[in-house]
Amino acid sequence: MEQRDVIDKLRRGELMLMEYLWNKKSILSKKEIIEAMKKRYKWRKSTTEILLKRLVKMKTLKKKKIGFQFSYEVLVTKKEYLNARKEERDISKFYNFFTRVFTTIHRKEEMTEEQIKVFIESMQKIGNK
């Protein structure tokens, strides 16, 4: 499971479907999922099938064939998803800050390549704390 891929690609509809599956905490048949999404969100069968296919491709869900029916098992828990989202927000917050600081300093002073390397290393140390 690549948490980065899940964070980057999970869209609104996919998240709505995952919320439903996380709350059920069991392996559900394709038919059950389609009926639930139709009842809950008035989605067509094709909409749910497309979202399920995307989630399987992202390795968020695992598709299994049991008898004559397909079933889906959750591979990424809600806790894992939320932790990855929090981590992504923290990284992007620091990244934007360091980018602004670096570009401002770079414009004001003529820095040598060695000074730039030292500056970047010190900023990385601060970011890791």
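Residues numbered from 1 in each chain as written. Predicted model: local features only at pLDDT ≥ 70, side-chain atom pairs only at ≥ 80, totals over all residues. Heavy atoms only, no water.

### Remarks on the sheet that holds strand β2 (residues 61-66)
At step 1: The sheet built from three strands is open, its strands ordered β1-β3-β2 with antiparallel pairing. Each of the sheet's edge strands pairs with one partner strand only, and the pair in question is β1 (28-29) and β2.
At step 2: Sheet topology places β2 next to strand β3 (residues 69-74); six bridges connect them, and they run antiparallel. Following the sheet pairing, isoleucine 66 is matched in β3 by glutamine 69. (Pairing = 2+ DSSP bridges. Helix = DSSP H or I, 4+ residues; strand = E, 2+ residues; numbered from the N terminus.)

### A closer look at unusual backbone geometry
Backbone phi values are negative for most residues with the exception of glycine, while trans is the configuration of most peptide bonds.
At step 1: Positive phi, normally seen in glycine, also occurs at lysine 42, with a value near 60°.
At step 2: Relative to the helices and strands, lysine 42 is located in the loop between α3 (30-41) and α4 (45-57).
At step 3: The backbone of lysine 59 sits at a positive phi, close to 65°, despite the residue not being glycine.
At step 4: Tracing the chain through its elements places lysine 59 in the loop between α4 and β2.

### Comments concerning helix α2 (residues 12-24)
At step 1: An ideal rise of 1.5 Å per residue puts 18 Å on 13 residues; α2 measures up with 19 Å between its terminal C-alpha atoms.
At step 2: Of the residues making up α2, those classed as buried are Gly13, Glu14, Met16, Leu17, Met18, Tyr20, Leu21 and Trp22.
At step 3: Phi turns positive, to about 55°, at lysine 25, one or two residues after α2. (Expected span 1.5 Å × (residues − 1). Buried < 20%, exposed > 50% of the residue type's maximum accessible area, 1.4 Å probe, protein only.)

### Notes on α3
At step 1: Its twelve residues place the ends of α3 16 Å apart at the C-alpha level, agreeing with the 16 Å of an ideal helix rising 1.5 Å per residue.
At step 2: Among all positions in α3, only Ile33, Ile34, Ala36 and Met37 are buried. For α3, the angular spread of buried residues about the axis comes to 165°, placing them on one side. Opposite the buried face of α3, by more than 90 degrees, sit the exposed residues Lys31 and Lys39. (Arc of directions from axis to C-beta.)

### A look at the pattern of salt bridges
At step 1: Under the definition given, this model contains five salt bridges.
At step 2: Residues lysine 78 and glutamate 19 are paired through a salt bridge, measuring 3.0 Å at the closest nitrogen-oxygen approach. Here glutamate 19 lies in helix α2 and lysine 78 lies in helix α5 (residues 78-108), a separation of 59 residues in the sequence.
At step 3: Between lysine 45 and glutamate 49 there is a salt bridge; the shortest N-O distance is 4.0 Å. With lysine 45 and glutamate 49 both in helix α4 and four residues apart, the pair spans about one turn of that helix. (Salt bridge = Lys/Arg side-chain N within 4 Å of Asp/Glu carboxyl O.)

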